[in-house]
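As a plain string of letters, each chain reads:
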Amino acid sequence: MTDIKNDYKYQPGFGNHFSSEALPDALPKGQNTPQLCPYGLYAEQLSGTAFTVDRKHNERTWFYRIRPSVCHTPFEAYPTKTRLVSNYSDTANVSVTPNQLRWSPFDIPTEPTDFVQGLTSIAGAGDVGVKHGMSVLIYAANKSMVDTAFYNSDGDFLIVPQQGRLDITTEFGKILVHPNEICVIQRGIRFSVALPDGPSRGYICEVFNGTWTLPDLGPIGANGLANGRDFQTPVAAFSHEEEKPFVIVNKYGGSLFAAKQNHTPFDVVAWHGNYAPYKYNLALFNTINSVSYDHIDPSIFTVLTCKSEKPGTAIADFVIFPPRWSVQENTFRPPYFHRNCMSEFMGLIHGTYEAKQGGFVPGGASLHSMMTPHGPDAPTFAKASTEELKPMYIAKGTQAFMFESSMQLQPTHWAIEESGKVQHDYFKAWQGLKSNFDPNWKLSGN
């Protein structure tokens, strides 16, 4: 583990219009593009939405930087073969199957591999070329990115570290992300990832259209779930390294391209806007649950959502299953048996998931596809059907999560055929569920 200086400062809030400057008066007063910017800086706008999107949803940021980001050589194909997919409708890329799927923990490579080189597509739907869909990736890396920055032209990344902290330098400033925290880095934002704890692994949900927002609370009221005040956006921090070779890697159309420049891309002295990366500590989630009866639908644990054009239906939801009290009376308390019009991809950061007694372990994953049955395994059902229903603090020391999507997720060939991590006996988890039907059953007391 590498010691890190405590030089990470953040601005609290979700969706705010932030202003930050690393040098006094670096932000122009009263306008965005003065004839001459303070300190001889360049003004550059980063647009996250079209200019004409309504003001409520319009997202953009103004940078004031030492060199504009356009100063680079032409992009060329990335020299290293990748495991990235852009079109999930093409059977050349995916293995279509309705089966329940579960993976053992994905390996961290033994050969030197940084964050970008360790990106692998696991499942997805849609096509980045038409900006519609989403994908699930893993990252597995063992070395820091050096003199290299990455940005994604295809969509927004929601990053979920599972092993090891991520020390992320962005154009906006620095972010330190621990396991049990998440980080969102939107389309087009340049960043570099260092690994202070050595070998690291985690999950990513990428949305090709829309953006991550807080879910509506409806009758819950004005407060609850993930509170906006707990999200953290970095403050401006810059380096000034001229004549220093730097590589810019761009994920575009599901492929990687690289360009060269002779200065750091992290030279933003000041910025203002509402299009900025952020992180969130999952331990701060305000959990809401039933205090009377029945297992509540897991949507009540939604941290962030990427809405589709159909009201109430998400391109992707990020849902967690945090430590919480379970007090329901006369209730089968674990997750119920289910067939869903949504696709459910689950991962485990740490601990033991309440609905599975084994096989689903940290660093692994499962995919329950659209309308494919799933639910608790046989030992969990037997235990929960007979145990005493007293107040219990469940999932202590555990953090499971789900990327849920209205789209039909298709796993990639690598995930199914090449990873070597598919648990082909997963279906056996339910084979021990026997018939308990009693035609002579009568209600107690009759």
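Residues numbered from 1 in each chain as written. Predicted model: local features only at pLDDT ≥ 70, side-chain atom pairs only at ≥ 80, totals over all residues. Heavy atoms only, no water.

Hey, could you run me through the packing of aromatic side chains in this one?
Describing an aromatic ring pair means giving the distance of the ring centres and the angle of the ring planes. Taken as a whole, this structure holds 28 aromatic pairs when the rule is applied. Relative to Tyr278, the ring of Phe14 has its centre 5.2 Å away and its plane inclined at 65°; by these criteria the two rings are edge-to-face. Of the two residues, Phe14 is situated in the loop between strand E1 (10-12) and strand E2 (18-21) and Tyr278 in strand E20 (residues 278-281); the sequence distance between them amounts to 264 residues. Put simply, the rings of Trp103, Phe106, Tyr203, Phe318, Phe345, Phe401, Phe403 and Trp414 pair up and form one aromatic cluster. Over the aromatic face of Phe63 sits the side chain of Arg65, whose NZ or CZ is 5.4 Å from the ring centroid. (Phe/Tyr/Trp six-rings, centres within 6.5 Å; stacked < 30°, edge-to-face > 60°. Helix = DSSP H or I, 4+ residues; strand = E, 2+ residues; numbered from the N terminus. Lys NZ or Arg CZ within 6 Å of the ring centre and 35° of its normal.)

How should I be thinking about the pattern of salt bridges in this particular structure?
Close approach of charged atoms lets side chains of opposite charge pair. Following the criterion strictly, the structure yields 12 salt bridges and no others. A salt bridge links Glu44 to Arg65, with the nearest nitrogen and oxygen atoms 3.1 Å apart. A residue pair is termed long-range when its members are at least 10 positions apart, and Glu44 in strand E3 (residues 42-47) and Arg65 in strand E4 (residues 60-65) qualify at 21 residues. Exposure class is identical for Glu44 and Arg65. Each is buried. Asp147 serves as the salt-bridge partner of Lys244, at 3.2 Å between the closest nitrogen and oxygen. With Lys244 in strand E17 (residues 242-252) and Asp147 in the loop between strand E8 (132-141) and strand E9 (148-152), this residue pair connects regions lying 97 residues apart in the sequence. The class for Lys244 is partly exposed, based on a relative accessible area of 23%. Using a relative accessible area of 30% as the deciding quantity, one classes Asp147 as partly exposed. Taken together, the shared-partner salt bridges in this structure form one network comprising Glu44, Arg65, Glu171 and Asp267. (Salt bridge = Lys/Arg side-chain N within 4 Å of Asp/Glu carboxyl O. Buried < 20%, exposed > 50% of the residue type's maximum accessible area, 1.4 Å probe, protein only.)

How do you make sense of the nonpolar core when you look at a structure like this?
One broad trend across soluble globular proteins is that nonpolar side chains are buried collectively. Counting residues in each nonpolar core, the largest one holds 54 residues, and the members touching the most others are Trp103, Leu158, Trp212, Val303, Phe318, Phe345 and Phe403. For this core, the element with the most residues is strand E22 (residues 314-321), which contributes 6 residues. The residues touching Trp103, leaving out its near neighbours within four places in the chain, are Ile122, Phe345, Gly364, Ala365, Ser366, Leu367, Ala415, Ile416, Ser419, Lys421, Val422 and Gln423. Counting residues in each nonpolar core, the second largest holds 35 residues, with Tyr78, Leu84, Leu119 and Leu166 among its members. (Core = buried A, V, L, I, M, F, W, Y, C linked by side-chain atoms within 4.5 Å. Contact = heavy atoms within 4.5 Å.)

Would you take a moment to explain the side chain of Ser290 for this structure?
For Ser290, the position within the fold is in the loop between E20 and strand E21 (302-307). Of the residues examined, Ser290 reaches a relative accessible area of 7% and is grouped as buried. Polar side-chain contacts of Ser290 include one of 3.2 Å to the backbone nitrogen of Ser292. In terms of polar contacts, Ser290 uses its side chain to reach the backbone carbonyl oxygen of Tyr293, at 3.0 Å. Once residues lying within four places of it in the same chain are set aside, the contact partners of Ser290 are Ile296, Val327 and Gln328. (Polar contact = N/O pair within 3.5 Å; in protein donor to acceptor, adjacent residues only side chain to side chain.)

What exactly am I supposed to notice about unusual backbone geometry here?
Trans peptide bonds make up the majority, and among non-glycine residues the majority have a negative phi. In this structure, Asp25 is a non-glycine residue whose phi angle is positive, near 65°. The topology assignment puts Asp25 in the loop between E2 and E3.

How should I be thinking about helix H1 (residues 378-386) in this particular structure?
For H1, the complete set of buried residues consists of Ala378, Thr380 and Ala384. Buried positions in H1, seen along its axis, are confined to an arc of 160° and lie on one side of it. (Arc of directions from axis to C-beta.)

How do you make sense of the sheet that holds strand E24 (residues 343-350) when you look at a structure like this?
The strands that make up a sheet are held in pairs by hydrogen bonds between backbone atoms, and each pair lies either parallel or antiparallel. The 6 strands are arranged E6-E25-E24-E27-E22-E21 in an open sheet whose pairing can be described as antiparallel. This sheet does not close on itself; its edge strands, each paired only once, are strand E6 (101-103) and E21. Pairwise comparison of adjacent strand axes, ignoring direction, gives a mean angle of 15° for this sheet. (Pairing = 2+ DSSP bridges. Axes fitted to C-alpha atoms, helices over the stretch in contact; angles between N-to-C directions.)

Would you take a moment to explain the side chain of Asp377 for this structure?
Tracing the backbone shows Asp377 in the loop between strand E25 (365-368) and H1. One buried charged residue, Asp377, forms no salt bridge at all, with the nearest opposite charge on Arg102 at 5.9 Å. Among the polar contacts listed, one links the side chain of Asp377 to the side chain of Thr380, at a separation of 2.7 Å. (Lys, Arg positive; Asp, Glu negative; His and termini not counted.)

I would appreciate a short explanation of the environment of Ser69 in the present structure.
Along the chain, the position of Ser69 falls in the loop between E4 and strand E5 (76-77). For Ser69, a relative accessible area of 17% puts it in the buried group. Placed 132 residues apart in sequence, Ser69 and Arg201 show a C-alpha to C-alpha distance of 30 Å. The residues touching Ser69, leaving out its near neighbours within four places in the chain, are Glu44, Arg190 and Gln261.

What's the story with the pairing of strand E10 (residues 156-163) in this structure? I'm lost.
Remember that side chains alternate between the two faces of the sheet whenever the strand is regular. For E10, the tally of buried residues reaches 7 of 8 residues, placing the bulk of the element in the interior. Bridge analysis of E10 against strand E15 (residues 200-207) gives 7 bridges, and the strand direction is antiparallel. Paired with Phe157 across the strands is Glu206, a residue of E15. Pairing of E10 with strand E13 (residues 181-185) involves 3 bridges; the strand directions are antiparallel. Across the sheet, the residue bridging to Ile159 is Cys183, located in E13.

Note that all results are geometric; they support no functional claim without further evidence.
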